[in-house]
Amino acid sequence: AATAMALWLRMENVQNGWNRGWEEHTARVLQSLNLLTPVPALFGLAAPAWWDRYSVQSFGLHLPAWGMALIYVLFFTLAAVFTTWLSARGYLALAEAPERLETRPDRPIEEAGEEYYWKGFRNPVWTRDIRTRLRSKETADFIFFTSIAVAAGAFIPLVMTTNDLSDPLRTAQSAKQVFFWLTMTLVAIVALITPGLTADAITRERSLGTLELLVGTTLRPREILMGKLLGAICVMLMLISPSLPLFGLCYLFHGASGTQVVQVYALLLITLTISALIGLTQSAINSRSGMARFWAYTCTAVLVAFPGGPFWIAAAIASTDPNTRQQLMQSAGVSAVIGLLWAFVLVLFWGNACEQIEYSEY
């Protein structure tokens with residue numbers, strides 16, 4: 001690792017890499033790792049002219065190919081001598097004390113019922129929701145189909161423009177289209193899945209008869225709701241995590257800036273939190289699962305599709321047309337007013353949900 005780091009820093013200084021495009025750093029890192037193998041030296045012995053150009057461009061030194069081969073031989077010889085000495089020392093230590101082979105590592109003494117494992121979060125509802133949801137087949141199916149939808153939203157525009165990838169400007173334009181469609185796809189996925197994920201959180205407890213047990217504990221109603229909410233948010237964060245490398249490709253090909261990527265993820269986090277809160281409160285307010293889903297999806301649709309909502313903001317962040325993006329950004333005041341209105345509505349939903357859990361008959 002130290003040798004590869006030294007080679008990489010030398011290449012950066014010789015090729016003036018600190019003042020060039022950041023995307024070229026990856027190629028130099030791979031080149032330094034490649035130099036740790038005998039392949040470049042073997043090519044250099046077969047083609048000395050190629051090696052002369054390669055060494056000057058990479059290190060700024062005129063090092064002959066045979067000299068590089070000798071360095072490799074010396075390096076591997078020293079490594080072999082060191083590992084041989086280390087092995088011999090270990091065998092001699094075992095010969096002097098054979099009982100070391102029978103010595104087992106110390107383990108903490110565990111009493112029955114007190115096994116050492118992850119105890120969970122401070123909120124037990126949050127801990128239980130994460131454990132049960134991550135073990136369920138429904139979550140695995142959600143992650144699988146979400147990954148397919150995210151990949152389709154990103155790669156279909158890229159496949160449609162594969163003929164233009166030889167031109168850097170057209171490549172950047174294709175990356176912008178991928179970034180736009182990926183952003184809109186993620187917002188749609190969050191709006192479609194999150195309400196359904198939380199709309200039966202309380203109604204299921206009520207139908208199974210476990211809500212009365214939860215209320216009978218020392219947990220307050222808001223702590224029960226908060227545990228359910230945080231559990232759903234954690235699962236949704238797992239669902240949108242496959243988009244990280246795709247956004248990284250968009251950033252790599254200059255399809256989006258770092259600020260845009262951060263803005264998109266902040267928007268997704270806010271959207272999934274509000275959608276989960278809507279579904280959870282409706283699940284507590286409505287005793288029937290069908291009505292809870294209906295109102296959860298209705299409120300979420302109004303939130304997402306209304307001008308100034310998440311779809312509007314996502315288009316303002318990721319639009320490929322600068323003029324359109326600027327025009328949408330000018331209406332940020334509308335989004336602020338709508339955000340305040342929704343904050344007031346969510347406070348009412350939360351208070352009503354807490355009252356329903358605390359005072360309703362089960």
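Everything quoted here is computed from the prediction, not taken from an experiment. Residue indices begin from 1 for each chain and proceed along its sequence in written order. Two thresholds apply to this predicted model, a pLDDT of at least 70 for residue-level local features and 80 or more for giving and counting side-chain atom pairs, whereas whole-chain, interface and lining totals are computed over all residues. The basis for the side-chain values is all heavy atoms of the structure; hydrogens and waters are excluded.

**Q** Help me understand the packing of aromatic side chains, please; the structure alone is not making it clear to me.
**A** Classification of ring pairs rests on two measures: the distance between centres of Phe, Tyr or Trp rings, Trp counted by its six-membered ring, which must be within 6.5 Å, and the angle between planes, read as stacked under 30 degrees, edge-to-face over 60 and tilted in between. Scanning the model with the defined rule gives 10 aromatic pairs in all. Ring centres of phenylalanine 75 and phenylalanine 76 lie 5.5 Å apart, and the angle between their planes is 75 degrees; this geometry places the pair in the edge-to-face category. The exposure class of phenylalanine 75 is partly exposed, given its relative accessible area of 43%. Through successive ring pairs, a cluster of aromatic residues spans Trp50, Trp51 and Tyr54. When accessible area is computed with a 1.4 Å probe and restricted to protein chains, residues below 20% of their type maximum are described as buried, those above 50% as exposed, and intermediate ones as partly exposed.

**Q** When you look at the nonpolar core in this model, what are you seeing that I'm missing?
**A** Note that soluble globular proteins tend to have their nonpolar side chains buried in a common cluster. In these notes, a set of buried Ala, Val, Leu, Ile, Met, Phe, Trp, Tyr and Cys residues joined through side-chain atoms within 4.5 Å is what counts as a nonpolar core. Within the largest apolar cluster, 50 residues are counted, with the highest numbers of intra-cluster contacts made by Phe179, Leu225, Phe247 and Leu268. Helix and strand labels come from DSSP, where a helix needs a run of H or I of at least four residues and a strand needs a run of E of at least two; each type is numbered from the N terminus. Listed by contribution, the elements that provide at least two residues to this core are helix H8 (168–198), helix H9 (201–208), helix H11 (221–240), helix H12 (243–252), helix H13 (258–285), helix H14 (289–305), helix H15 (310–318) and helix H17 (332–359). The leading source of residues in this core is H13, at 12 residues.

**Q** Explain the environment of leucine 348 to me, please; I cannot follow it from the model alone.
**A** As for its placement among the helices and strands, leucine 348 is situated in helix H17. Residue classification places leucine 348 among the partly exposed positions, given a relative accessible area of 49%.

**Q** Where do I start with a nonpolar patch on the surface in this structure?
**A** What makes a patch is a set of residues exposed beyond 30% relative accessible area and free of salt bridges, joined within 9 Å when like-charged and within 5 Å when nonpolar (Val, Leu, Ile, Met, Phe, Trp, Tyr). Per-residue and other accessible areas follow the Shrake-Rupley method at a 1.4 Å probe size, with only the shown protein chains counted as cover for residues. A pair is scored as a salt bridge if a Lys or Arg side-chain nitrogen falls within 4 Å of a carboxyl oxygen belonging to Asp or Glu. A surface patch of nonpolar side chains, amounting to about 470 Å² of accessible area, comprises Leu42, Leu45, Trp66 and Leu70. Of all the secondary structure elements, the ones that give two or more residues to the nonpolar patch are helix H3 (39–46) and helix H5 (65–96). With respect to the element layout, leucine 45 can be found in helix H3.

**Q** What am I meant to see in the packing of H3 against H5 here?
**A** When two helices pack together, their arrangement is given by the angle between the helix axes and the distance between those axes. At a minimum axis distance of 8 Å, the contact between H3 and H5 shows a crossing angle of 150 degrees. Here H3 lies roughly antiparallel to H5, going by the angle between them. The crossing of H3 and H5 is left-handed. On H5, the residues touching Pro40, Ala41, Gly44 and Leu45 of H3 are Ala65, Trp66, Met68, Ala69 and Tyr72. Under this scheme, a helix contributes an axis fitted over its contacting stretch, all axes are lines through C-alpha atoms, and angles between N-to-C directions fall in the 0 to 180 degree range. By the definition adopted for this analysis, an angle is roughly parallel if under 35 degrees, roughly antiparallel if over 145, roughly perpendicular if from 65 to 115, and oblique otherwise. What makes a crossing left-handed is the near helix being turned counterclockwise from the far one by less than a right angle; a clockwise turn instead makes it right-handed. Between two residues, a contact is recorded if the distance between any of their heavy atoms is within 4.5 Å.

**Q** Can you help me understand the confidence of the model for the protein chain in this one?
**A** Detail in the predicted coordinates should be disregarded across regions flagged by low pLDDT. A residue-level look at the protein chain finds 88% of positions with pLDDT of 70 or above and a mean pLDDT of 81. Across the protein chain, element-level confidence peaks in H13 with a mean pLDDT of 90 and bottoms out in helix H16 (residues 322–330) with 69. The pLDDT score gives, residue by residue, the confidence of the prediction method on a 0 to 100 scale.

**Q** Looking at this structure, how should I read the pattern of salt bridges?
**A** On inspection of all chains with the given rule, the structure shows 7 salt bridges. Close ionic contact of arginine 293 with aspartate 200 constitutes a salt bridge, the shortest N to O distance being 3.7 Å. Of this pair, arginine 293 sits in helix H14 while aspartate 200 sits in the loop between H8 and H9, and the two are 93 residues apart along the sequence. Across the pair glutamate 205 and lysine 228 runs a salt bridge whose closest N-O atoms are separated by 2.7 Å. Residue glutamate 205 is located in helix H9, and its partner lysine 228 is located in helix H11; the two are separated by 23 residues in the primary sequence. Accessibility assignment for this pair places glutamate 205 and lysine 228 in one class, buried.

**Q** Just checking my understanding: could you explain the packing of H9 against H13 for this structure?
**A** Closest axis-to-axis distance for the H9/H13 pair is 6 Å, and the angle between their directions is 30 degrees. The angle between the axes of H9 and H13 places the two elements in the roughly parallel class. Along its contact with H9, which presents Ala201, Ile202, Thr203 and Arg206, the element H13 presents Leu280, Ser283 and Ala284. Only Asp, Glu, Lys and Arg are considered charged in this grouping, and only Ala, Val, Leu, Ile, Met, Phe, Trp, Tyr, Cys and Pro are considered nonpolar; every other residue, Gly among them, is considered polar. In terms of residue class, the contact of H9 with H13 is made up of 4 nonpolar, 2 polar and 1 charged.

**Q** What's the story with helix H6 (residues 124–135) in this structure? I'm lost.
**A** Every α-helix winds through 3.6 residues per turn, so residues three or four apart in the chain are directed the same way. A helix is expected to span 1.5 Å multiplied by its residue count minus one. Over its 12 residues, H6 runs 17 Å from end to end, which matches the ideal 16 Å to within 8%, given 1.5 Å per residue. If you check which residues of H6 are buried, you get Val125, Trp126, Thr127, Asp129, Ile130 and Arg133. Counting of polar contacts relies on pairs of N or O atoms within 3.5 Å, with two restrictions inside protein: one atom must be capable of donating a hydrogen and the other of accepting it, and residues adjacent in sequence are counted only when both atoms are side-chain atoms. You can read the cap of H6 off the contacts: a side-chain oxygen lies 3.0 Å from the backbone nitrogen of valine 125, and it is on asparagine 123.

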